[in-house]
Structure formats: C-alpha cells, structure tokens
Amino acid sequence: MEVNGKDDLYAPLLKSLDDFVVDIPQPTNNKERKIRTVKFKIGEIKCASCSTTVESLLQQLDGIESAVVSPLQGLAAINYIPELIKVKKIKEAIEEAGFPVDEFPEQDISVCRLRIKGMACTSCSESIERALQMVDGVKTAVVGLALEEAKVHFDPNLTDTDCIIEAIEDAGFGAELISSENDANKVHLTVEGVNSPEDLTIIRSSLESVVGVTHVDMNLEEKKITVAYDLDLTGPRSLINCIKEAGNGSQSYNASLFVAPIRREAEQQQEIRMYRDQFFLSCIFSVPVFVFSMLLPMLPPYGNWLDYKIHNMLTIGILLRWILCTPVQFIIGRRFYVGSYYALRRKSANMDVLVALGTNAAYFYSMYIVIKALTSDKFEGQDFFETSAMLISFILLGKYLEVLAKGKTSDALSKLTDLAPDTAHLLTLDNDGNVVSEEEISTQLLQKNDIIKIVPGAKVPVDGIVIDGQSHVNESMITGEAIPIAKRPGDKVIGGTMNENGCLLVKATHVGSETALSQIVQLVEAAQLARAPVQKLADKISRFFVPTVVAAAFLTWLGWFITGQAGLYPEYWIPEATNKFELALQFGISVLVVACPCALGLATPTAVMVATGKGASQGVLIKGGNALEKAHKVKTVVFDKTGTLTVGKPEVVSAVPFSGYSMEEFCDLATAAEVNSEHPMAKAVVEHAKRYRQKIGSHTKHFTEVKDFEVHTGAGVSGKVGDATVLVGNKRLMRACKVPIGPQVDDYISKNEQLARTCVLVAIDGKVAGAFAVTDPVKPEAKLVISYLRSMSISSVMVTGDNLATATAIANEVGIDKVFAETDPLGKADKIKELQMKGMAVAMVGDGINDSPALAAADVGMAIGAGTDVAIEAADIVLIKSNLEDVVTAIDLSRKTMSRIRLNYVWALGYNILGMPIAAGILFPFTGIRLPPWLAGACMAASSISVVCSSLLLQSYKKPLHARMP
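No experiment lies behind these values; they were computed from the predicted model shown.

A. Representation of the sheet that holds strand S18 (residues 463-468) within the structure. Spatially, the six strands line up as an open sheet ordered S16-S15-S17-S23-S18-S21, and their pairing is antiparallel. The open sheet has two edge strands with one neighbour each: strand S16 (435-442) and strand S21 (492-493). Sheet topology note: the strand S15 (residues 423-429)/strand S17 (residues 451-454) ladder contains three bridges and is antiparallel. Note on S17: the bridge partner recorded for His 425 is Lys 453.

B. How the structure looks around the packing of helix H17 (residues 597-617) against helix H30 (residues 933-952). Packing of H17 against H30 brings their axes to within 8 Å, and their N-to-C directions diverge by 15°. Judged by the inter-axis angle, H17 sits roughly parallel to H30. In this structure, H17 meets H30 at a crossing whose hand is right-handed. Seen from H17, the contacting residues are Cys 598, Ala 599, Leu 602, Ala 603, Thr 606, Ala 607 and Val 610; seen from H30, they are Ser 943, Ser 944, Val 947, Val 948, Ser 951 and Leu 952. Of the residues assigned to the contact of H17 with H30, the class counts are nine nonpolar, four polar and no charged.

C. Layout of the sheet that holds strand S27 (residues 706-712). What the six strands build is an open sheet, ordered S26-S31-S30-S29-S28-S27; its pairing is antiparallel. Strands with a single pairing partner mark the edges of an open sheet, and in this sheet they are strand S26 (651-657) and S27. Taking the axes of each pair of neighbouring strands and ignoring which way they run, one obtains an average angle of 15° across the sheet. Here strand S29 (residues 724-729) pairs with strand S30 (residues 758-764) via four bridges, running antiparallel. Its bridge partner being in S30, Gly 729 is matched across the sheet by Leu 761.

D. Focus on unusual backbone geometry. Here the amide bond leading from Pro 300 into Pro 301 is cis, since omega sits at 5°, within 30 degrees of zero. Here Pro 301 is to be found in the loop between helix H7 (263-295) and strand S13 (309-311). The phi torsion at Asn 449 lies on the positive side, around 75°, for a residue other than glycine. Tracing the sequence through the fold places Asn 449 in the loop between S16 and S17. A positive phi is found at Asp 708, a non-glycine position, where the angle reads about 55°. Residue position: Asp 708 is located in strand S27. What makes Asp 708 exposed here is its relative accessible area of 64%.

E. Examining the confidence of the model for the protein chain more closely. This prediction gives the protein chain a mean pLDDT of 81; 90% of its residues lie at or above 70. Across residues 1-32 the pLDDT falls below 50, and counting only partners more than four positions away or on other chains, this stretch makes 37 contacts in the model. Scored below 50 in pLDDT, residues 866-871 shows 15 contacts in the model against residues more than four places distant or in partner chains.

Conventions and cut-offs
- Residues numbered from 1 in each chain as written.
- Predicted model: local features only at pLDDT ≥ 70, side-chain atom pairs only at ≥ 80, totals over all residues.
- Heavy atoms only, no water.
- Pairing = 2+ DSSP bridges.
- Helix = DSSP H or I, 4+ residues; strand = E, 2+ residues; numbered from the N terminus.
- Axes fitted to C-alpha atoms, helices over the stretch in contact; angles between N-to-C directions.
- Parallel < 35°, antiparallel > 145°, perpendicular 65-115°, else oblique.
- Left-handed = near helix turned anticlockwise from the far one by under 90°.
- Contact = heavy atoms within 4.5 Å.
- Nonpolar A, V, L, I, M, F, W, Y, C, P; charged D, E, K, R; others polar.
- Buried < 20%, exposed > 50% of the residue type's maximum accessible area, 1.4 Å probe, protein only.
- pLDDT = per-residue confidence, 0-100.

If you want it as structure tokens, here you go:
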C-alpha cells in the first residue's frame, strides 16, 4: 500500500553520505546520570564561525554534555542532563547571544501506566495521587482503586518512570510499569550472538538504515533491543531479518520477540493465594484461641484444666491464648502495622490504621492482664486475646473473598484481551497471485500488507480485507451481533473474530496497536481508570472518615467507662468475669473495627469496571465513568440523518439533464467534481456515473482533473473542470452562487423530496445542467428505537444538512416529531446548545466524521457505525455496530449502572451509619444485644464483599432491544 505522498516524512535514521548528518557523541556513563537530546533550528547561522560560537557558548553551560551545530542548515543537536539544566535555559542562552531559535520543540508530555499494589480504600488512592503530584514534572495523575492502576502524564525532561515508581514506593505502595507512551509502536527483541559493544554498534547501524525505524535502544547486559518504528513502513519481522543479515562470516546474530510475562493475571492469583494462605495460617492459631476462650469454659469438666494456675493468678488458659495470639498479632498481622506506618507517615489514615488500633488495644490490654495475673495472687481479670486473633482472621477472610470477587469485575476485559489468536498462517505469493509458501508465525510478527490464510474454525489474527474466498464470520465477540456476517472479496474482517465455514485469504491492513481489538481494549482500560463524578462523594468522606471513627471509638469507650464508674447503669449489665473498664473497651474496639471505608471506595469503581466491560462485550464502548454518569441523565437524543437513521449507502435512482446538456457530458463533469469528495452522496454520484459509462460502452477509466476544488460545508463542492466552472450540491449552494433554478428543475426537486429523496443539483457555468435523485433507505430498527426511547421518556430530534421536505419524510417514517433541516456541521452544534439552554441533557448520535462539532457540544456524544475506527475523540460513547439499538443499550446500561452505584452507596453508608451505633452499644440497654469486636470485624469484611458482589450483578445485564436486522 502506498504512503499518500508522505515519503519525505519517513526517511531512515542512517542517511547516505551525500546527506548532512549530525553526529551526537554517545555518553560514556549513562547509568548514574540520565542524558536527553533536544534538536531544533538556529537562525542567523551564516558560517562555521557562527556555529562554533554557539557550540562554545553551550559547552560552558553546566549540564551540557555535547552540542553540535550545523554551519549549513543551522540544525542543533544537544545532549544535556535534565537534572542540571532545563531546555528553556538552553534556548534563552542561545537567544541572548543574538541567534534566534526556530522550530523549538513544544513541552514534551509523556504518559505511563503503572500497576499499584497494596491499595485498600479510597484514602490509599488519594495518597498516591498526592505523592505523585509532588514529583517535579508530573502534570496529572489518576489512580484507579478497583483497577489497581495509575495513569501519569509527566514531562520527560524533568522526571521519568523510575522517579515516579520511587515516589509511589516511598508512599508505602508497590508499583510496576505496565506501559509508557509510544510503546504501541515499539518492539522488544532478544538478541543472540552479541558479546561486545562492537556487536551492538553493527546491529544498531543495520537497524537505523531500515526505512521507518525512528529510534533504537540497546542493552548489552540483558541482550535486549527496543526499536521504535513506523507501522506503515516496516514491522517486527523485517527488523528480525535485518539483525540476522547484519552478521558476516563467523559472526552471526539471531533475534526473537521478547515476550514479557503476563503479570496481571498471575499477580491476581498470587494475591488470592497470599490472602488464602494467611487466612488459613491465622486459623491454625485463632481457632484454638476461640476454643480455649469461648467453647471449653462452657463445657465443664472438659475446660476445667484451663483454670489451673501456673503462678499466682496466671492460668494455663491465659498463657495458651497469649502464646497462640502473639504470632497472629505480630507476624500474620504485620501487614496492618506496615500499612498504618506508611499511612500515618503521609499524614492520612486508612483501614489498616483502624485494624491496628483495634487489635493493639485488645492485645496490649490483655498483656496488662497477663502481667497483673503473674504478679498478683488476688487479681482477677478477663483477657481479650481471642478478640485480637479472630479479628485479624476475619479481616483476612474478608480480603480473600474481596480479591476473589474483584478479579471477576475485569472478566470482560480479560476475555477481550484473549480474543486474538497466538499464531497466524502467513502466505507468500508470486506475481501471478499463486501461493509460493506457507508458514505459521506469531501474530505479533505480522506486518501491514501481509497475506494471511484463515481456515474454517480459526480466529482472524488482525484487521484486514478479504482478497479471496467466501465465508461467514462470527463477530459477536467484538460487536455483539449474534448472526454470522457473510464475507466476500473486498469485505473487511476484524481481528479476534471467528471464521465459520469457508477458507479466506486476508490482506492485513491494521496490525499491533492499530487493530480494532487493541483500540477497544485500550479504550476500556482508560474508561475503567477514569473517575466518575459521583465518586467525589466517597473521596470527600474518606478524608475525614478514619479520624471520625477513631474519635467516635474513644468517645464510646469514655462514655461507657464514665457512666459505669458513676454507677449510671446497673451491675447486671456487666457480663460475667468482665469489669466496667473492659466492657467500655470492648464497645470502643467494636466501633473501631466495624467501620468500613473500603466499601465506600469500592462502590463506584467496581460498578464502572463491570459496566464498561459488559458494554464493550456488547459493542458499546463507554469512555469512562463521566460518560456513564452523564448518559443516564439524557432526556433528548439528537440524530443525524445520513448514515445514522438511514443505512448510509445512498443510491442514485434517477438522473435528469437540463439546459440541453447530454447525459454523458452532464455525468462526466459532475463526477470529475465529486470524485475528490468523501461525502456518501458524492460517492453515490460517482458510482452511478461509472455504471452509466459501462452501460453505454465507454472504457475511459480516468476522469478529467478538477482544479480550484473547494468544499462548501453542508452545501456541496465546486471546481474548474477544463474550461467549465462546475457546482455540485443542494439548493443552498445554488442560491449562494446565484445560480437560477427554473420551474422545471423546481418541479423535479419537489416530486422527489416528497418521496424522501435528496436532489443533487449540477450547475455548469452558472446554469443548472441536471440533477440526481438520491435515496438512502431508513434502517429497519430506527422506528422501534425511536418508539422505545419515547417509552423511556426521552424525546428524539433530527438534525440534518438535507432539505426540509426529505428530512420531514424520513422523520415521519421513523416517528420523530422535531426536525432541523439544511443545517451545516457548526449549525448542528448550535441547535444542540439551544436545546441545552432549555435545561435538557442532550445526546448526539452521529457518524463521527462531519458530526464532530455536534458530538463535542452534546452532553453525551455517541459515534455510531464506527466499525474498525473506534478512536473517535469527539465521542463519549462509541457504538461499534451501525445499529441504532445500541443507543438504547448505552442509555439503559448507564441508568442500570448509576442505579447500582446508588444502591452500593446506600449499602456502604447505611452499613456504617447503622453498624457504628450498634457497635457502640446503643441497643445494649434495651435488648442486651452487643457486637463483640471479632464479630464487628466479620461485619466489616462482609460490607466490602457485599458491595463488590452487588456490582458483579451488572454482569447479568441484558440488552432491552433484540430486534434483528434483516
């Protein structure tokens, strides 16, 4: 495939000797000091003396490693240490010397994604965000609690991923780089046969001579090479072959793809196993403690031996409980101490602080009882070792069940990621199209324009176009469309879909990160990381939640202790073998451990994760919690006509010449003007002209070239074809160019508009030479969708650039009452703003091309019919299929999700609002019911699990409409 006139932009790094080359000396030690390169053009460089002056000036600056300035073109290449000098200072120094700086690079902004370990609640994610914002060079940082990932935008001249990871680790969390900017167009290779720096130099030179290679990084110790390249010009297979060919004589090199281990799933399983093992280990100690403290004393004579005194009042029971509880408190429970330390160090508090306070209070009070019993022959007291041990065990059980449930929230994304097959059958064809060879290779080695063979039952490895064969392809895993789609030569296929019954030969058009599947996965990952506005409630509460709970626990203990000491409640309220202090302490500990900040933090992100994943599996890509939240408020949906309400494949049904022009002349001139237009109407006219040429037996394949071609947005096109000035468009274009429309033409237009047809007028040298009547059939599901939206109390509006009569006919057919016709793209955006001024939340549904201003102006922009082009910046929601049913699905899914989020908040807040007073003993005076600390801990664990399980119920979501397209 040809690169459209951009060959000059893709020159190889290693140029021929005739070209000017800037040699940048390589730094000798790049391990301790990171060195960056900046390139720009300096004006007023007239001779070698000027370039030498600038070089000398720069060399005097602290932090400049090397500077080379071309005396011919004024190009400067400067190696500098960003820790010592900034790019802005380099520019200022050159300008102060009297040389203007041109083509100075704008501020670099890089993006990296990191996996975060050790987060428990919203307080943790906020702490990481604050720690990252304090790093010099970090612009924005977003941390997703449920996804356990962070996305950081930073200035690479000021910081790098190592510093960012270090900042996260200093805050007490683990961090691991997932990807950085431009990784999409990089390949990581493992090389064999490299033993010295000279070998690396040979390979580097060989790779840099490849057209399309933009950067090469080499690591001798790990024998790893990272190559950045242009997907249109080369690919990983060509680079591997290049390395192999770089060898000569006895020295040979080999290379293979470096496949990083899939850590996400492995780490999830490791985390699950860790919590499971810790829970079982804690049970080995805490179950005997529970038996010795709760069960055996109630079963005499079996528990009598526990009361045997060892020394003074110290019994065997107390000693055993102390010995068994200590490992649980300090070894198994060490994670709570570590988490508390880092939380307090960064001046915040989380669940670990509450657990550590509660268990320490129980354990160290029990230690006081042990010491008193050991030193006194009269002291009697009740220890709480079972409270500490069982509390930790129940919390670990809760975390184990929580990570199990959280793993299921990303099931949909995992399934999408696994859709692409590992291998593909690559064919080599000769000039006549015959198969010369066939080999099975890794899908990651496929390049653009490769010919791939797809047998029945195999998955399509990458996006491409069928060049031979016929089959049916099941695209349900990508688009949600259950019926297999017939594929013939010229049809597009999407990577990850399943070939049903025939053998297909496919030419690869999109590989690597450019495939629809890769873009869908990237979009869903970004959506799950984006924070919904409703999450702000949890963020606000989390800031004062833990301090409030600690204060409430202290006041609970103080209140019960003072009232007990003052004799304000009867003695029989105090359980046997417990005193007033211990009763107050139990109430205080229960308040500490029953409060659950985790449930609040998980209420929104888990629901958003499940909803975006479920939407993606059904062909609806929602760009984050913000879009999800806005979509549920929509009360008006504005539809574009062409390609949205209609099929988007217009056909010319009649063509009539006027003013004495022949049909052939009229068609040729119209086609010459329209051939450069991308509008569906223009394509219909060109296609009609081609068919007409074939019909009359004309074999001319090329149209006359148009000059002064101009697009009149929302009206048509104009240009000079030969000596004739040609206008092709609607009545608005004719009026704007003062072309008179006679009665005969007007009558033709009126008759066709009543039949819901659009008339394309052609004017030659100021006279209407003819007209095409174009029809675009309405989508079969359009009427049902409009009717269903009405049942959801959502009104529908049509905004189109077409004429009023045609637009009204289409609107009447589908059931839309309000129509805005003859509106250009900017006018569509204005109409949406008018509706918003009336207090309506407006969604715009368009094809994402000429509707981008309206999509951006709407509260929710929905790009429909995107197909393989899923990266539409203007849209909030991308509908993969050209099916209007997905408009209903997107709104309905957002409503169900927001309802689920509200339910999660009701449960999480309601649990804390009800649980804390009960734990504080509000029911105890009336019913005798109190919540022991170990049971309070179990309730806290159950709270988080219930919120995650509530979000998981969204996985059972079903589309409200299931009408099938014929």
